[in-house]
Amino acid sequence: MKKTILFLAFCLLASLGFAQQNSTDHKITFKLKITEIENPDSVGILWFALPYVDGKTVVNTTLFPKSPDKNGLYQQTLAFPDSLMGKTIQYFYTAVKDNYENKGSFVLEKNKNQDRVESWGFVDGLESKVKSTQMLFLLPESPTEKAAFEKPYVGITTNGKPVKNLFPIKKTGFPTLSIKNAVTAFLESLNAEQKAKCTFPIETEEWRRWHNIENWPRAGIGLEEMNQAQKDQVFTILMESLSARGLKKAKNIMAMEAYLATLVLENKDLGGEKYWFTFFGTHSDTEPWGWQIEGHHLVINYFVLGDQVVMSPVFMGSEPTLIETGDNKGLRTYEIEERKGLDFYQSLNTKQKKKATLWHKKEFDFNRGEAFRDNEIIATTGLSAKELSKEQRSDLLDLIEEYVSSIRDGHSKIKMEEVKTHLQETHFTWVQGDKIDGPFYYRIHSPVILIEFDHQVPVFLPDKTTPNRVPVKTHIHTVVRTPNGNDYGKDLLKQHLELHRKGVKH
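This write-up is about the structure you can find in this document. (Residues numbered from 1 in each chain as written. Predicted model: local features only at pLDDT ≥ 70, side-chain atom pairs only at ≥ 80, totals over all residues. Heavy atoms only, no water.)

Attention shifts here to unusual backbone geometry. Of note, the amide linkage connecting S312 to P313 takes the cis form, showing an omega dihedral of 0°. Locating P313 in the fold gives a position in strand β15 (residues 308–318). In this structure, N111 takes a positive phi of about 60° despite not being glycine. Tracing the sequence through the fold places N111 in the loop between β6 (100–107) and β7 (116–120). The backbone of N484 shows a phi angle near 60°, a positive value even though the residue is not glycine. Along the chain, N484 turns up in the loop between β21 (476–481) and α11 (490–501). (Helix = DSSP H or I, 4+ residues; strand = E, 2+ residues; numbered from the N terminus.)

Following this line, the structure appears as structure tokens:
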């Protein structure tokens, strides 16, 4: 149903059309503040009377004036005919191509003021509040997944429109031959059935089906299905693709998962080998290809084109963050990312902290770039790197490098050069309550990288000293994304295919 509604809405908006109302018997004024999309092309209201009947219900569309009023509100008055009194009206707001916000419904009541003043965005510009981030569950081949994947992929942006020409095809000088050889050796060790399970075309949507949760239906071949030689070979892929630091982080997560399984014996989806590998395209010196590892608290997407590498989205997390018993007793995860983030925030002066702080409470999860958030609109918030001292800029780069350095050494240098080129366009955002030793969230956002660190609500190990389910420092999620269309190397792939169609070699 929603697919049909959105298709109709798009067609109507594309032609700047709207359904005329024939009655002035009952008027409702809609006032809307948009905080996530800068200067949208057009803003409109879609509405229809429930119950919705596919192919019969009329979806009415009316555009707001081109620009908001002096209060920053888009304002439009709609007149509803007498025949709809007592009916439930479902409505959406639309802005920019393919961006929709379902605001809900109301019952039309005669001669009653039902004006609606609302905000669209993670940051509520009307009430100075923020929303919690809801985890998405788009099951493979489900109607909701199909509807999401039918929308054009644009990547994470600040306003729904990706910045162009950020990721040119170029030579890096850091060969990827050892990665290709490791993948070749592993795939040659598989039988036909195993290979069919874990290999996909380069343009498949399977790239985007990853999820963090432990019981997600996963494609690919799992560690538990492999013999010891195959396990050794797949870890060689990780060793060649990641830096020593990145490999250690991945192995630490797996060790923490094995420990978590001993604490939650009833959950059979937890464990140190609950990780699956998939491979995309044909591993080659010139053609695009890649691989993915996916499991609880560890997801890495790895794209290769020639000697260029894109490693994102990367999801890494941990619950708990300390192993208290067993062979790995004393192992900690995310101690450095946590300390460096807090140290950087504390280095800010009072004015800088005020600008950096998005919200003064840490009551829920904040990460915006997790599973199925490939087209998320994340407005620019927080403190600009332009307002940092030379020493603070150096510290910010050091914090960014803690995440970037998980990529193999040469390619991490290439990525850090990109980051430095756009440092003036980089922002740091902070969320925390009154206690400086309490849970927090931070985001580093530039045109070429998005980094998130979030103390999350506990899932398996609730804090018994806290009556409510609130974020704790023993459950951490981190995300690294490449905004503006190059997650999964999609921008590079698009350029490559366009050149290929033109017969141009690169």
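Now that the structure has been shown, we can carry on.
On to the packing of aromatic side chains. In this structure the tally under the stated criterion is 30 aromatic pairs. Ring centres 6.2 Å apart and planes at 45° place the aromatic pair F64 and Y93 in the tilted group. Here the residue F64 occupies a position in the loop between β3 (60–63) and β4 (74–80), and Y93 occupies one in strand β5 (residues 88–95), the gap between them amounting to 29 residues. By relative accessible area, which is 7% here, F64 ends up buried. Taken together, a centroid distance of 4.8 Å and an interplanar angle of 75° make the contact between F344 and F428 edge-to-face. Separated by 84 residues along the polypeptide, F344 in helix α7 (residues 335–346) and F428 in strand β18 (residues 427–432) bring together distant segments of the chain. In this structure F428 comes out as buried when scored by relative accessible area, which is 2%. Site record: aromatic cluster; members linked through ring pairs are F30, W47, F64, Y74, F80, Y91, Y93 and F106. The side chain of K353 reaches across the aromatic face of Y345, ending 5.3 Å from its centre. (Phe/Tyr/Trp six-rings, centres within 6.5 Å; stacked < 30°, edge-to-face > 60°. Buried < 20%, exposed > 50% of the residue type's maximum accessible area, 1.4 Å probe, protein only. Lys NZ or Arg CZ within 6 Å of the ring centre and 35° of its normal.)

Another point: the sheet that holds β5. If you trace the four strands from one edge of the open sheet to the other, you get β3-β2-β5-β6, paired in antiparallel fashion. Only two strands of the sheet have a single partner each, and these edge strands are β3 and β6. Within this sheet the neighbouring strands show an average axis-to-axis angle of 20°, counted without direction. Bridge analysis of β5 against β6 gives seven bridges, and the strand direction is antiparallel. Within the sheet, the bridge partner assigned to Q90 lies in β6 and is S105. (Pairing = 2+ DSSP bridges. Axes fitted to C-alpha atoms, helices over the stretch in contact; angles between N-to-C directions.)

On to empty space enclosed by the protein. All told, the structure shown has one cavity of 30 Å³ or more when counted by the stated rule. Here the largest cavity defines a volume of roughly 400 Å³. Around the largest cavity, the lining is made up of 31 residues, and of these V309, V310, M311, I407 and K415 lie nearest the centre. Elements that contribute at least two residues to the lining of the largest cavity include exactly β15, α9 (390–404), α10 (409–421) and β21. With eight residues, β15 is the largest single contributor of residues to the lining of the largest cavity. (1 Å grid on protein atoms, 1.4 Å probe; cavity = no way out; pocket = protein on both sides within 12 Å on 5 of 7 lines; lining within 4 Å. Points joined across faces, edges and corners; volume = space filled by probe spheres on them.)

Here we take up the nonpolar core. Membership of the largest hydrophobic core comes to 61 residues, with the highest contact counts inside it found for W291 and F428. Grouped together as the second largest cluster of nonpolar side chains are 23 residues, I34, I37, F80 and I377 included. (Core = buried A, V, L, I, M, F, W, Y, C linked by side-chain atoms within 4.5 Å.)

Attention now moves to the pattern of salt bridges. With the rule as written, the count across this model stands at 29 salt bridges. The salt bridge involving R209 is made with E141; its shortest N-O contact spans 3.1 Å. Linking R209 in the loop between β10 (199–200) and β11 (221–222) with E141 in the loop between β9 (129–130) and α2 (143–150), this pair joins segments that are 68 residues apart in sequence. The exposure class of R209 is buried, given its relative accessible area of 12%. For D285, the salt bridge identified is with K180, shortest N-O distance 3.0 Å. With D285 in the loop between β12 (275–281) and β13 (289–295) and K180 in helix α3 (residues 177–188), the pair connects residues that are 105 residues apart, well separated along the chain. Among the charged side chains, a salt-bridge network with shared partners connects R245, K249, E337, K340, D398 and E402. (Salt bridge = Lys/Arg side-chain N within 4 Å of Asp/Glu carboxyl O.)

Here we take up the layout of surface pockets. Here the second largest pocket is characterised by a volume of approximately 550 Å³. Residue lining of the second largest pocket: 19 residues in total, with Y153, G485, K490, D491 and K494 positioned closest to the centre. Looking at the lining of the second largest pocket, its residues break down into eight nonpolar, four polar and seven charged. (Nonpolar A, V, L, I, M, F, W, Y, C, P; charged D, E, K, R; others polar.)

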